[in-house]
Amino acid sequence: MARITVNVDGIRFEEEVEPRLLLVHLLRDRLGKTGTPIGCDTSNCGACTVLLDGKSAKSCAVLAVQADGCDIATVEGLAAGGRRHPVQTAFHEEHALQCGYCTPGMIMAAIDLLRTDPDPSEEAIREGLEGNLCRCTGYQNIVRAVRRAASTDGSVNGEQAAAREVPA
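Residues numbered from 1 in each chain as written. Predicted model: local features only at pLDDT ≥ 70, side-chain atom pairs only at ≥ 80, totals over all residues. Heavy atoms only, no water.

*Asks:* Hey, could you run me through the state of the cysteines in this one?
*Replies:* One way to say it: the disulfide is the covalent bond shared by the sulfur atoms of two cysteines. The final tally for this structure, using the stated rule, is zero disulfides. Among the cysteines around Cys99, which has no disulfide bond, Cys136 carries the closest sulfur, lying 3.7 Å off. Among the residues examined, Cys99 registers a relative accessible area of 58% and is labelled exposed. (Disulfide = S-S within 2.5 Å. Buried < 20%, exposed > 50% of the residue type's maximum accessible area, 1.4 Å probe, protein only.)

Encoded structure:
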């Protein structure tokens, strides 16, 4: 067993983990972060994407011990003070989901994409999200959602200026 410390959605956790435990299983099974789905368990679909020290990572391809000392953001940690993150709002407003299974990973990957390219072209969005698969939507609304988020006064990088109240 290895002792690790991670900060998940702003909360510090100290855990004893087996060296082979995947980060996605730590998040879901031990820390209750079930908003991070397990899709393919082979790093092909991207449904389990989280932000690891600010960069998108497929949590089924990272061992929990590799995340020791890291800051991890999950889709559940994006909304702050009852307000959605601008990317969440854009996905909602553009109807960028159908079944919703890929949505958490798409949102997290989009946040990382917008961190590195705040005004991406449609081609850059498609390229930036190519590691995240959606079987339902055809990607049109997802691309529109990322474009909409990019136009929210640059507020996607952790700011909540363009966020909307989450309905009760």
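*Asks:* Teacher, can you tell me more about the nonpolar core here?
*Replies:* Side chains of nonpolar character tend, in soluble globular proteins, to be buried together. Val87, Phe91, Leu129 and Val146 are the most contacted members of the largest nonpolar core, which has 25 residues in total. When contributions to this core are tallied by element, the ones reaching two or more residues are helix 2 (86-93), helix 3 (103-116) and helix 5 (140-150). No other element matches helix 3, which puts eight residues into this core. Of all hydrophobic cores here, the second largest spans 18 residues; its members include Ile4, Leu31, Leu52 and Ile72. (Core = buried A, V, L, I, M, F, W, Y, C linked by side-chain atoms within 4.5 Å. Helix = DSSP H or I, 4+ residues; strand = E, 2+ residues; numbered from the N terminus.)

*Asks:* Would you mind going over the side chain of Glu94 with me for this structure?
*Replies:* For Glu94, the location among the structural elements is in the loop between helix 2 and helix 3. In this structure, Glu94 is in contact with Asn141, Arg144, Ala145 and Arg148, ignoring residues within four places of it in sequence. (Contact = heavy atoms within 4.5 Å.)

*Asks:* Just to check I follow, could you spell out the packing of helix 3 against helix 5 for this structure?
*Replies:* How two helices sit against one another is set out by the angle between their axes and by the gap between those axes. Across the interface, helix 3 lies against helix 5 with an axial gap of 11 Å and an inter-helix angle of 45 degrees. By the criterion of interaxial angle, the relationship of helix 3 to helix 5 is oblique. Crossing handedness for the pair helix 3 and helix 5: right-handed. On helix 5, the residues that touch Met106, Ala110, Leu113 and Leu114 of helix 3 are Ile142, Val146, Ala149 and Ala150. The residue makeup of the contact of helix 3 with helix 5, split by class, is eight nonpolar, no polar and no charged. (Axes fitted to C-alpha atoms, helices over the stretch in contact; angles between N-to-C directions. Parallel < 35°, antiparallel > 145°, perpendicular 65-115°, else oblique. Left-handed = near helix turned anticlockwise from the far one by under 90°. Nonpolar A, V, L, I, M, F, W, Y, C, P; charged D, E, K, R; others polar.)

*Asks:* Explain the environment of Asp119 to me, please; I cannot follow it from the model alone.
*Replies:* With respect to the helices and strands, the residue Asp119 is situated in the loop between helix 3 and helix 4 (122-128). Among the residues examined, Asp119 registers a relative accessible area of 55% and is labelled exposed. Along the chain, Asp119 and Ala61 lie 58 residues apart, while their C-alpha atoms are 29 Å from each other. One polar contact links Asp119 to Arg147, side chain to side chain, over a distance of 3.0 Å. (Polar contact = N/O pair within 3.5 Å; in protein donor to acceptor, adjacent residues only side chain to side chain.)

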